[in-house]
Amino acid sequence: MQPRHCAPEVAGPGKDWAENVGAERWHKAWPMRSLHTAGAVLALSSDWNVAEMDPMIGIHTAVTRRPLGGGEPWMPQETISVETAVHGYTMGSAYANFLEEDRGSLTVGKAADFVVLSRDILRAAPEDIPGTVAETVVVGGVVEHTA
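Everything numeric in this text was worked out from a predicted model, so none of it was measured. (Residues numbered from 1 in each chain as written. Predicted model: local features only at pLDDT ≥ 70, side-chain atom pairs only at ≥ 80, totals over all residues. Heavy atoms only, no water.)

*Asks:* When you look at the layout of surface pockets in this model, what are you seeing that I'm missing?
*Replies:* In this model, the largest pocket occupies a volume close to 940 Å³. Surrounding the largest pocket, 33 residues form its lining, Tyr89, Thr90, Asp113, Phe114 and Val115 being those nearest its centre. Listing elements by their share of the lining of the largest pocket, those giving two or more residues are α4 (55–64), α5 (82–96), β1 (114–117) and β2 (134–139). In terms of residue class, the lining of the largest pocket is built from 21 nonpolar, seven polar and five charged. (1 Å grid on protein atoms, 1.4 Å probe; cavity = no way out; pocket = protein on both sides within 12 Å on 5 of 7 lines; lining within 4 Å. Points joined across faces, edges and corners; volume = space filled by probe spheres on them. Helix = DSSP H or I, 4+ residues; strand = E, 2+ residues; numbered from the N terminus. Nonpolar A, V, L, I, M, F, W, Y, C, P; charged D, E, K, R; others polar.)

Printed below as a string of C-alpha cells:
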C-alpha cells in the first residue's frame, strides 16, 4: 500500500480519484487502520513516479492523512501510528517480499540494513517527519552513506 495515494492533495476530494469513486465509498480508500486492526500485514512503500520515494513523506501521510502543507485530513479514521507505519515500511515490506527471515528488523542473523535518522520520528511532531533525513545508511553491515 502506498500511503501517499491517500493524501488529500493526491486523491482526495476534488481530485479525479475521489470524484470517480464517489463520496459514499471514500471510507474504503486505503483503509490502513481497518486492515491493521483486522490483523492484516501492512506492507508500505512508494509508487514512484506517482508518489515521492521518500518514506518520511509516506509515514507522515499514513499518520495524519493531511496534505504536506497542512490542512484538513481526509478519512482520518484510517490513520495509523508512527510505530505501525515504520513497521509497515520495514517488516511489512520484508514480509511482502518473502524476506522477513532475513530483513526488516535489527535481529541477530539478519542483514544489517538500517538508517540513522536526523530525528527520532517516534517522538517528533507528525508535521516534522517529512523533514527527517537519513544521516547514515548501512547496507549489509557496511556504511554506504553518511551526511
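The structure having been displayed, the exposition proceeds.
*Asks:* Explain a nonpolar patch on the surface here, please?
*Replies:* A surface patch of nonpolar side chains, amounting to about 280 Å² of accessible area, comprises Leu106, Phe114 and Val116. Tracing the backbone through its elements, the reader meets Leu106 in the loop between α5 and β1. (Patch = residues over 30% accessible without salt bridge, like charges linked within 9 Å, V, L, I, M, F, W, Y side chains within 5 Å. Areas by Shrake-Rupley, 256 points an atom, 1.4 Å probe, with all protein chains shown as cover. Salt bridge = Lys/Arg side-chain N within 4 Å of Asp/Glu carboxyl O.)

*Asks:* What exactly am I supposed to notice about α5 here?
*Replies:* Every α-helix winds through 3.6 residues per turn, so residues three or four apart in the chain are directed the same way. Here α5 is 15 residues long and its end C-alpha atoms lie 20 Å apart, about the 21 Å a rise of 1.5 Å per residue gives. Taken as a whole, α5 has its buried residues at Val82, Thr84, Ala85, Gly88, Tyr89, Gly92, Ser93 and Ala94. For α5, the elements touching its buried residues are α3 (32–37) and α4. (Expected span 1.5 Å × (residues − 1). Buried < 20%, exposed > 50% of the residue type's maximum accessible area, 1.4 Å probe, protein only. Contact = heavy atoms within 4.5 Å.)

*Asks:* Is there a simple way to think about the pairing of strand β3 (residues 142–146) in this case?
*Replies:* In the case of a regular strand, side chains alternate between the two sheet surfaces. Here β3 lies mainly on the outside; zero of its five residues are buried. Relative to β3, β2 runs antiparallel, the two sharing four bridges. Within β3, the position partnered with Val138 by the bridge is Val143. Adjacent in sequence and paired antiparallel, β2 and β3 are bridged by two residues, among which Gly140 carries a positive phi angle near 60°. (Pairing = 2+ DSSP bridges.)

*Asks:* So what exactly am I meant to see when it comes to the pattern of salt bridges here?
*Replies:* Opposite charge on two side chains allows them to pair when their charged atoms are near. As enumerated under the stated definition, the model contains four salt bridges in all. Salt-bridge contacts for Arg4 lead to Glu9; the nearest nitrogen and oxygen are separated by 3.2 Å. Between Arg103 and Asp113 there is a salt bridge, with the nearest N and O atoms lying 3.7 Å from each other. Highlighted residues: Arg103 in the loop between α5 and β1 and Asp113 in the loop between α5 and β1, separated in sequence by 10 residues. When its relative accessible area of 36% is taken as the criterion, Arg103 is described as partly exposed. Look at Asp113 and you get partly exposed, because its relative accessible area is 34%. Overlapping salt bridges, with partners in common, bring together Arg4, Glu9 and Glu52 in one network.

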